[in-house]
Amino acid sequence: MKIAPVIALLLCGLLLSGCSEEKDATPPAPYALTEEAMGRYCGMNVLEHPGPKGQIIMSQIPEPIWFSSARDTLAFTMLPEEPKDIAAIYVSDMAKATTWEEPGADNWIDARLAFFVIGSGLRGGMGTDEAVPFSKRDAADKFAGEHGGRVVSFEEVPRDYVLGSTTDDAERQNTPENFVEPGKGQTNG
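Along each chain, numbering runs from 1 in the same order as the chain's sequence is written. This being a predicted model, a pLDDT of at least 70 is required before a residue's local features are given, and a value of 80 or more before pairs of side-chain atoms are given or counted; all residues contribute to the totals for chains, interfaces and linings. The side-chain values count all of the structure's non-hydrogen atoms but skip hydrogen atoms and water molecules.

Asker: Quick rundown of the nonpolar core? Include the residues and the values.
Answerer: Counting residues in hydrophobic clusters, the biggest one holds 23 residues, and the most contacted among them are Ile56, Leu74, Phe76, Val91, Phe116, Val157 and Val162. Where helices and strands are cited, they refer to DSSP runs of H or I of at least four residues and of E of at least two residues respectively, numbered from the N terminus. Counting only elements with at least two residues in this core, the list comes to strand 1 (54–58), strand 2 (64–67), helix 2 (70–78), strand 3 (86–92), strand 5 (115–118) and helix 4 (159–163). For this core, the element with the most residues is helix 2, which contributes 5 residues. Here, two residues are considered to be in contact whenever any of their heavy atoms come within 4.5 Å of each other. Apart from the residues lying within four places of it in its own chain, the contact partners of Val91 are Lys53, Gly54, Ala70, Thr73, Asn107, Trp108, Ile109, Ala111, Ala114, Phe116 and Pro133. As used in this record, nonpolar core signifies buried Ala, Val, Leu, Ile, Met, Phe, Trp, Tyr and Cys residues forming a set joined through side-chain atoms within 4.5 Å. Accessible area is worked out with a 1.4 Å probe on protein chains only. A residue is then buried under 20% of its type maximum, exposed over 50%, and partly exposed in between. In this structure, Val132, Phe134, Ala139 and Phe143 belong to the second largest nonpolar core, which totals 12 residues.

Right, here's the structure in full:
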């Protein structure tokens, strides 16, 4: 007779642990970009840099780590010295960006689901070739058609593209004035 309450207690514990696992499976929501956001690698205000931004939320830290570029965000995931208990990775959805200088404070896409245009020559926040993220493949294809480069998934972004240096080929640099929001006309930056 005393076994029944013990079994009931164990079942409740199992049910509760199952609920917490489901809760942990849902990534935390992205944070809105604010003036307080400082870049992980540059230590500067993220808003001072053009191009797509990024944020990573760690499992045990309830606030984002900010990045001045999508490329720096990807680098964090590739560097062996950085923590690996990542709960979520978000990058600016450039399909919804107003301009290259103002990619938006709230238009985030899960980086693992994004389509990246690499090799376009557009420079990101830290002056290197950017991995330009989009939530929709057609927007990424359109951007690549207008600015060059190729479309890849998160898993397909080459490690050398992210961690290697491309600052020595500045002569092929596209300027932010050449950024055209997919589906829109030419912008003036």
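Asker: Describe the sheet that holds strand 4 (residues 108–110), with residues and values.
Answerer: With antiparallel pairing, the 4 strands of this open sheet are ordered in space as 2-1-3-4. Unpaired on one side and paired on the other, strand 2 and strand 4 mark the two borders of the sheet. Across the sheet, the mean angle separating the axes of adjacent strands is 25° when strand polarity is ignored. A pair of strands is considered paired only if DSSP assigns at least 2 bridges between the two. Bridge count between strand 3 and strand 4: 3 bridges; the pairing is antiparallel. Bridge pairing in strand 4 links Val91 to Ile109. Across the sheet, helix 2 is in contact with strand 1, strand 2 and strand 3; its angle to strand 3 comes to roughly 160°. Lines are fitted to the C-alpha atoms to define the axes, a helix being fitted only along its stretch in contact, and any angle between axes, read from their N-to-C directions, falls within 0 to 180 degrees.

Asker: Mind laying out the pattern of salt bridges, listing which residues take part and the relevant values?
Answerer: We count a salt bridge whenever a side-chain nitrogen from Lys or Arg sits within 4 Å of a carboxyl oxygen from Asp or Glu. Taken as a whole and assessed by the stated rule, the structure comprises 5 salt bridges. Between Asp93 and Lys96 there is a salt bridge whose closest N-O contact spans 3.9 Å. Residue Asp93 is classed as buried on the basis of its relative accessible area of 1%. Accessibility expressed as a relative area gives 55% for Lys96, which makes it exposed. Its salt-bridge partner being Lys142, residue Glu146 comes within 2.8 Å of it at the nearest N-O pair. Residue Glu146 and its partner Lys142 are located together in helix 3 (residues 137–147), separated by 4 residues, close to a single helical turn.

Asker: For the sheet that holds strand 7 (residues 150–153), give the residues involved together with the corresponding values.
Answerer: Strand pairing in a sheet takes place through backbone hydrogen bonds and is either antiparallel or parallel in direction. Reading across the sheet, the 3 strands line up as 6-5-7 and stay open at both edges, with antiparallel pairing between neighbours. Pairing within the sheet leaves two strands with one partner each, and these edge strands are strand 6 (132–134) and strand 7. Strand-to-strand, the axes of this sheet are offset by a mean angle of 35°, without reference to chain direction. Bridging between strand 5 and strand 6 involves 3 bridges; their strand directions are antiparallel. Bridging from a neighbouring strand, Phe116 pairs with Pro133 of strand 6.

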